[in-house]
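Architecture at a glance
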Amino acid sequence: MVFAYDTEATLAFATTLINTSEGASNSRDDELTDIDVLQRLLDDSGYSGRRDHDEAELEAVRALRPEFRRFWEVDRDTAVALVNSILREANALPQLERHGDWDWHLHATAADAPLATRMRVELAMAFVDVIRTDEFDRLRECAADDCAAVLVDLSRNRSKRYCDVGNCGNRMNVIAYRARQGAAG
């Protein structure tokens, strides 16, 4: 199953945002520390709409990370309650939009809504697709023992186990190889 592009992009953005958190980031430190970092993250993800470029906006986005991560920690039915709560609180009204290089896709808030509100609603809309298509098992935490990052497995055979944050796949393969070599020698 492959999600619609806007769902994949929203899930990728949420994963990237979550993985800026302390313990989940490449440095294991909080990597969303200033407005410039937030702006680069938004630019890289093609985020449109209102941006206030201030500390309040940065703090509001930083506060989304644990809420977003919760989707990786709950079962499908609990995620439904989270989605419905977000959509209700934001008075979401789905509508088709086209901007930049993006063809028609769904937005459920006005372009001038606060950034954190738009992010919450876009993630909720993406999770509508995840839940409806029964693809919840594609959401995972990194299998590396020392990593707290999350991932979305979009591989055909559903075999992705490690995040893209800290080179965990290569690192764990080296550890396993060395363990096999030590056991053989």
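Structure first, text after, so check above.
Attention shifts here to the pairing of strand β2 (residues 102-107). The pairing of strand β1 (residues 95-99) with β2 spans four bridges and is classified as antiparallel. Looking at β2, one finds that H99 is bridged to W102. Where β1 folds back onto β2 in an antiparallel hairpin, the turn is made up of two residues, including G100, whose phi is positive at roughly 55°.

Attention now moves to the packing of aromatic side chains. Tallied over the entire structure, the rule returns four aromatic pairs. Pairing W72 with F127 gives two aromatic rings, centres 5.9 Å apart and planes at 80°, and the pair type is edge-to-face. Remark: F127 occurs in helix α5 (residues 115-132) and W72 occurs in helix α3 (residues 55-73); sequence separation between them is 55 residues. Across the pair, F127 and W72 agree in class, each one buried. These aromatic residues form a ring-pair network of at least three members: F71, W72, F127 and F136.

Time to look at the side chain of T109. Here T109 lies in the loop between β2 and α5. Overall, the relative accessible area of 9% leaves T109 in the buried class. If near-sequence neighbours (up to four positions away) are discounted, T109 is found in contact with Q95, T117, R118 and V121.

Let's shift gears to a nonpolar patch on the surface. On the surface, a cluster of nonpolar side chains totalling about 330 Å² of accessible area is made up of L96, W104 and L106. Within the element layout of this structure, W104 appears in strand β2. Judged by relative accessible area, which is 49%, W104 ranks as partly exposed.

Another point: α3. In this model, α3 (19 residues) spans 29 Å end to end at C-alpha, consistent with the 27 Å of a helix rising 1.5 Å per residue. Along its length, α3 reaches its greatest deviation from straightness, about 25°, at R65, and the proline P66 lies no more than four positions downstream. What α3 keeps buried is the set E57, L58, V61, L64, R65, F68, R69, F71 and W72.

Take the packing of helix α4 (residues 76-89) against α5 next. When two helices pack together, you describe them by how their axes are tilted relative to each other and by the distance separating the axes. Direction vectors running N to C along α4 and α5 enclose 145°, while the axes themselves pass 9 Å from each other. Crossing hand, α4 versus α5: left-handed. Residues R76, A79, V80, V83, I86, L87 and E89 of α4 touch α5, and the partners they reach there are R120, V121, A124, M125, F127, V128, I131 and R132. Its residues assigned to classes, the contact of α4 with α5 shows 11 nonpolar, no polar and four charged.

Definitions and limits used
Residues numbered from 1 in each chain as written. Predicted model: local features only at pLDDT ≥ 70, side-chain atom pairs only at ≥ 80, totals over all residues. Heavy atoms only, no water. Pairing = 2+ DSSP bridges. Helix = DSSP H or I, 4+ residues; strand = E, 2+ residues; numbered from the N terminus. Phe/Tyr/Trp six-rings, centres within 6.5 Å; stacked < 30°, edge-to-face > 60°. Buried < 20%, exposed > 50% of the residue type's maximum accessible area, 1.4 Å probe, protein only. Contact = heavy atoms within 4.5 Å. Patch = residues over 30% accessible without salt bridge, like charges linked within 9 Å, V, L, I, M, F, W, Y side chains within 5 Å. Areas by Shrake-Rupley, 256 points an atom, 1.4 Å probe, with all protein chains shown as cover. Salt bridge = Lys/Arg side-chain N within 4 Å of Asp/Glu carboxyl O. Expected span 1.5 Å × (residues − 1). Bend = angle between axes of the 7 residues up to and from the residue. Axes fitted to C-alpha atoms, helices over the stretch in contact; angles between N-to-C directions. Left-handed = near helix turned anticlockwise from the far one by under 90°. Nonpolar A, V, L, I, M, F, W, Y, C, P; charged D, E, K, R; others polar.

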